[in-house]
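What follows is each chain in one-letter form.
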Amino acid sequence: MTTGSDPGETGWRPSARMAALAPVLVAVSGLAWVAVWLVIRHPDQMVLGNLGGSVVLLAATIACYRVSRGERTAGAVRGFWRLWSYSAAALFVSTIAAIVAAARGDSGMPLYEAAPTLVSLNLAMLAFRHVPLNQRSTFDWVRLVLDGAAVAVSGGVFFGYALLDEAAAGPPVAARATAAVVGVGCLLALVVFGKAAVSPQGRIDKGALTVLALTPMVGLAAVIVFLGGTPMGMMLLSVVGYPLVGLVMCGAALRQSLVDAGSVRRWERGSRRALADPLQYLAVTVVAALVITVSARDLDTRGRAVIVGAVLTAAILVARQLLTVRENTSALADIRRLALSDSLTGLPSRTAFGVALTERLQAGRSATVLMIDVDDFKLINDTLGPSAADQLLQQIGLRLHDICGPGEVAARLGGDEFAVLLAPDCTAEAERAAGRALQAVSEPVQAAEHQLMLHASIGIATAAPGESADEVLRNADIAMYAAKEGGKAGWVRYDPRMRQDMTEHARIAGELRDGIARGELRLLYQPVFDLRTERMHGAEALVRWHHPVRGPVSPAEFIPVAERSGLIVPLGAWVLREACTVLARWRAELPCGAIEAINVNVAVRQLREPDFAATVAAVLAEAGLAPGNLVLEVTESAVVDGPEVKQTLQQLHEMGVQLALDDFGTGQSSLSLLRAFPANVLKLDKSFVDGIAADADRGRHAIAAAVAQLADNLGLKAVAEGIEARDQLIRLRDMGFPYGQGFLMAKPMPADDCMALMAAESRIAAA
């Protein structure tokens, strides 16, 4: 699923590339100038040394601002880099202040230099409001504040005692105090940077964040060197520290530009352990060392022993806690791996796929999803067993993974459902990608000792502006089911009208559920006639729904909804009970003139119910009917649904219930099907009856005649459906069809009218 590279879509124009590289080149040049100055420096030329930092930080300001204005940069990412450009600008002001301090002869870090530095640190930390630190509870936020407080307190103790108190010589106390505050700010920045760098929901490239994490480290090292009190250390803070920080900013901005342009892939993986964790343990160690130092100088031997013992006890407890944390970290890593990876195929799981899709959408990039479902997989699973089915899924997963190109993700969502997230630049070729996926699935698959040919239905959905990952997946799922309804083994692109159809189906399902409970449904009965005597032989029960507001609702509208929603089970149970009750009443009131059996349609969803045969037996017993008084009509597709349905049909046959193969000739009609299915009746579909009287349509004539002869040879009753003309009746009767039904003879009618028809025929026969 790769496409040709287009500089306007996937790469950079030469001018854009040079514009991104220019700040880095300027920063490197500025740092080179500083290195040269350190070699040839003169004590009275500090201004020239500080100029390098100003140049580098001006380049860093431009680099970060350029990323914030990128056309392909997402909104949140723009805000992040805009604040970093402000941070770099504040540091640029600090370098100007350092130049002024050098010109005036002020030693150390004066307040007018430290103030913009602290502003820069705060702006840098504020930028991370655009990098979500996971979904946090109140407890999590308290823990984050405590992490920062622990590091800040220990940093204050360290700088206040070990450096400010011990380094009597060197810069003035005010200068050292401001530098110490900057050092504590760098420590707090490390905590924030560390938390953001491991956030799985982060929108900023992890590689760029890792580079940026060097900025507070460089600043902290410069402050420590400065507080050492040596002239070299004070000089290195302003001359070397500032340009190093600026160079790091330029490098991070270049990395983000490369990612946004598609020249390099986002760095998605990294350590799940935040930088705040080791900082906490380092803080405890530093404070403990200071406690021991103070006690050794100011306490007697017993006091020192108590202090040392307390510190050692705390150290042992910390070590024990570290072991526990290590075990928990390992366990969490295993849990994360299990959550984000499918154990059967090794592909990313539904959760991992959702994360990848969400990140793509949050980055403002195009996202197209292929939802892939293997057709008739349940039949394969029931026939060959779960072990062979798992082998098939493994091979399908491997094939989908192999056809994925750069920037694409294949995942197993569950069961026999897979998904592929196409590369951002492949949206226009989604149909072609779906075709390749269909081809990959349809290649022969080896499972156990069987070689199978599989097919799949694919739904294609492209994210519209503002849609979430769940909405995109739902749209792809809707399109996939549309592909199944369209005949399977194909793909369908999502159309917003499909969701409207689903909403309509959901509304009908809700109203149908209420209608069943309120008794809004009724049965009509279409007689089945003996074509030789033209007398009523049987009747088929047909359900009708009269909506209290919309009036009559077509069965073609609510029956598919009932089957899809599962309401066909309670609806079918009501139809079965009502039809048997009516037949029992007919036979009681017309002992000699009533029909022998009633026909009831049964859906495959009902036949999958493990207790369906027992339910039929209970209904017959309740109505006082024999099993032979009931004819259950099933479609050809239901017969081949699986072993569960086959077992149910066999139970019904052994019970004595008659079984009719409905719409014969439209599905998977074959001699092997008739041999496997214990049928009593074959019902020729109306499509073969239409036009059968015309001699020009020899095909229908031949098929209808063959069905009649086949039924006669197998000892089955043959019924022709949809007879609407007298010449059709005559032709079917001449072919050998003994029974038929259709509007020519009688339309569906209420139970009382049907009984009146039987009574009239009985009186004529008696006369």
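Now for a look at the structure at hand. (Residues numbered from 1 in each chain as written. Predicted model: local features only at pLDDT ≥ 70, side-chain atom pairs only at ≥ 80, totals over all residues. Heavy atoms only, no water.)

Topic: the state of the cysteines
Piece 1. One pass over the full model with this rule turns up zero disulfides.
Piece 2. Of the cysteine sulfurs around Cys64, a residue in no disulfide, the closest is that of Cys250, at 6.9 Å.
Piece 3. Judged by its relative accessible area of 0%, Cys64 is buried. (Disulfide = S-S within 2.5 Å. Buried < 20%, exposed > 50% of the residue type's maximum accessible area, 1.4 Å probe, protein only.)

A closer look at the packing of aromatic side chains
Piece 1. Taken as a whole and assessed by the stated rule, the structure comprises four aromatic pairs.
Piece 2. Measuring from ring centre to ring centre gives 5.3 Å for Phe80 and Trp81, while their planes differ by 85°; the resulting arrangement is edge-to-face. Per residue, the accessibility class of Phe80 equals that of Trp81, and both read buried.
Piece 3. Ring geometry for Trp545 versus Phe558: centroids 5.7 Å apart, planes at 85°, classification edge-to-face. Of this pair, Trp545 sits in strand E9 (residues 535-547) while Phe558 sits in helix H18 (residues 555-565), and the two are 13 residues apart along the sequence.
Piece 4. In this structure Trp545 comes out as buried when scored by relative accessible area, which is 2%.
Piece 5. An aromatic cluster is defined as three or more aromatic residues linked by ring pairs; in this entry it consists of Phe80, Trp81 and Trp84.
Piece 6. Residue placement shows Arg532 over the ring face of Tyr739; its charged tip is 5.9 Å from the ring centre. (Phe/Tyr/Trp six-rings, centres within 6.5 Å; stacked < 30°, edge-to-face > 60°. Helix = DSSP H or I, 4+ residues; strand = E, 2+ residues; numbered from the N terminus. Lys NZ or Arg CZ within 6 Å of the ring centre and 35° of its normal.)

Description of the sheet that holds strand E1 (residues 368-374)
Think of a sheet as strands paired side by side through backbone hydrogen bonds, with each pair either parallel or antiparallel.
Piece 1. Strand order in the open sheet formed by five strands is E2-E3-E1-E6-E7, with mixed pairing between adjacent strands. In the strand order of this sheet, the two ends are held by strand E2 (409-414) and strand E7 (491-493), each with one partner. Ignoring strand direction, the axes of neighbouring strands in this sheet form an average angle of 20°.
Piece 2. Packing of helix H16 (residues 469-485) onto the sheet brings it into contact with E1, strand E3 (417-421), strand E6 (456-462) and E7, and relative to E6 it is tilted by some 140°. (Pairing = 2+ DSSP bridges. Axes fitted to C-alpha atoms, helices over the stretch in contact; angles between N-to-C directions. Contact = heavy atoms within 4.5 Å.)

Details of the pattern of salt bridges
Oppositely charged side chains can pair when the atoms bearing their charge come close.
Piece 1. Evaluation of the coordinates by the stated rule reveals 26 salt bridges.
Piece 2. Where Glu534 meets Arg733, a salt bridge forms, and the shortest distance between an N and an O atom there is 3.6 Å. Taken together, the positions of Glu534 in the loop between strand E8 (521-530) and E9 and Arg733 in helix H27 (residues 726-735) put the pair 199 residues apart, joining distant regions of the chain.
Piece 3. The exposure class assigned to Arg733 is partly exposed, which follows from its relative accessible area of 27%.
Piece 4. Linked through salt bridges whose partners overlap, the residues forming this network are Glu504, Arg507, Glu511, Arg550 and Glu557. (Salt bridge = Lys/Arg side-chain N within 4 Å of Asp/Glu carboxyl O.)

Digging into the nonpolar core
Piece 1. Core analysis: the biggest nonpolar cluster contains 81 residues, and Tyr525, Trp586, Leu630, Leu632 and Phe737 have the highest contact counts within it.
Piece 2. Once residues within four sequence positions are removed from consideration, Leu632 is found in contact with Leu576, Val600, Val602, Phe612, Val616, Leu652, Val657, Gln658, Leu659 and Ala660.
Piece 3. Phe80, Met125, Ala189 and Cys250 belong to the second largest nonpolar core, which has 41 residues in total. (Core = buried A, V, L, I, M, F, W, Y, C linked by side-chain atoms within 4.5 Å.)

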